[in-house]
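# Topology and contacts: notes
The primary structure of each chain is shown beneath.
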Amino acid sequence: MPTGRPDTVFPDPVSALPADFRIGGRLAVRAILRELGHRHVLVTLYADERHDAFAITRLTHVGDTEIEFDLGGQESFTRVLASARDVAGVAFPGQIKTQFRLDAFAVAEVRGETLLRACMPDELYRIQRRDAFRVRPPAFDEACCVRRLAPESEVRYPLRDLSASGASLLLPPGEPPPAIGTVWPHCRIEAVGESAIPCDLVVCHVDEHPSGNGSHRVGVGFHAMPGDVLRRVQVYVIGVEKRLQRSA
């Protein structure tokens, strides 16, 4: 079982987690999973906690004793499930990492849809760490956020870090910082070797850069993003994390 490093987007080893992160009892677990479903939070499922066998999906049903995930378009993951012993689920509703394990599960075809149906977990973990679960793309990715100012005018900001819910950008010296709550429509995330990811962003916080050179760090969140686009962000985040682990 991969252990990884702390504050990773991958499943954390349960043995390394503080006891107060654990939520036990099916009533409490069901309430948290229902909230993930109601908020349409993306959930990454890992077969046997393998970092190379995952699906990015959503909870489609949370019942009293069973939960279901949509596996449409996840054929390669579905094939891996045939020999998997368990499935680890990881979600990021904000800055809290929610992690659980499915021990009893099966793939089902329901009205032409492929589902992962599993028994309700007996426990889950809500992992809270400040500024956790972000990845910093390596320099050779040349990752940036392109903001459209007008139909024929754009500006590029270096991407300092990225998560499933937002990013941190670096504004150049002398550029006035945006007001918190400002929405930047028609942006895109670009990186070498990756297809551009379209996104609307909302400014969440602004800090002066510690260098004192007049530049600012801007934290932005993804705004009204379609599920398929958020999946592309998460796939890139997972890809960066895997490369960082290999080079560690």
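All of the points below concern the structure found in this document. Every chain is numbered independently, its residues counted from 1 as its sequence is written. Residue-level local features of this predicted model are given only where pLDDT is at least 70; pairs of side-chain atoms are given and counted only at 80 or more, and the full residue set underlies all totals for whole chains, interfaces and linings. Water and hydrogen atoms play no part in the side-chain values, which are based on all heavy atoms of the structure.

A few words on the nonpolar core. What is meant by a nonpolar core is a set of buried Ala, Val, Leu, Ile, Met, Phe, Trp, Tyr and Cys residues, joined one to another through side-chain atoms within 4.5 Å. Residue exposure (1.4 Å probe, protein chains only): buried if accessible area is under 20% of the type maximum, exposed if over 50%, otherwise partly exposed. Formed by 41 residues in total, the largest nonpolar core has its most connected members in Leu162, Leu169, Trp184, Leu201, Val220 and Phe222. The helix count covers DSSP runs of H or I at least four residues long, the strand count covers runs of E at least two residues long, and both are numbered beginning at the N terminus. Of all the secondary structure elements, the ones that give two or more residues to this core are strand S10 (123–128), strand S12 (153–162), strand S13 (166–171), strand S14 (183–190), strand S15 (197–208), strand S16 (216–222) and helix H3 (227–247). Element by element, the count of residues in this core is highest for H3, at 7 residues. Contact definition: two residues touch when any of their heavy atoms are within 4.5 Å. When neighbours within four sequence positions are excluded, Val220 is seen to be in contact with Ser165, Gly166, Ala167, Leu169, Trp184, Leu201, Val202, Val203 and Cys204. Membership of the second largest hydrophobic core comes to 27 residues, among which are Leu33, Leu81, Val87 and Met120.

Once that is clear, we can look at the pairing of S13. Across the 6 residues of S13, 5 count as buried, placing the element largely inside the fold. Two strands pair under a simple rule: DSSP has to find at least two bridges between them. Bridge analysis of S12 against S13 gives 3 bridges, and the strand direction is antiparallel. Within the sheet, the bridge partner assigned to Leu159 lies in S13 and is Leu169. Counted along the chain from S12 to the antiparallel partner S13, the turn is 3 residues long.

Topologically, Val14 is positioned in the segment before strand S1 (22–24). Distance in space between the C-alpha atoms of Val14 and Leu124 is 9.8 Å, their sequence separation being 110 residues. When residues no more than four places from it in sequence are discounted, the contact partners of Val14 are Gln99 and Tyr125.

All right, on to the sheet that holds strand S9 (residues 113–119) then. Through backbone hydrogen bonds, the strands of a sheet pair up, either in parallel or in antiparallel fashion. Strand order in the open sheet formed by 4 strands is S4-S5-S9-S8, and the pairing between neighbours is antiparallel. The open sheet is flanked by strand S4 (59–62) and strand S8 (105–110), the only strands paired with a single partner. Taken over all neighbouring pairs, the strand axes of this sheet differ in orientation by 25 degrees on average, direction set aside. The pairing of strand S5 (residues 66–70) with S9 spans 5 bridges and is antiparallel. Looking at the pairing, Phe69 lines up with Leu116 of S9. A fitted line through C-alpha atoms serves as each axis, taken over the contacting stretch for helices, and the angle formed by two N-to-C directions is quoted from 0 to 180°. Across the sheet, helix H1 (residues 26–38) lies against S4 and S5, angled at about 145 degrees from S4, the strand it touches most.

Salt bridge, as applied in this entry: a Lys or Arg side-chain nitrogen positioned within 4 Å of an Asp or Glu carboxyl oxygen. Applying the stated criterion across every chain yields a total of 12 salt bridges. Ionic pairing is found between Glu154 and Arg188, a salt bridge with its closest N-O pair at 2.8 Å. A residue pair is termed long-range when its members are at least 10 positions apart, and Glu154 in strand S12 and Arg188 in strand S14 qualify at 34 residues. Through salt bridges with shared partners, a single network forms among Glu154, Arg156, Arg188 and Glu190.

Worth remembering: the numbers are spatial, not functional.
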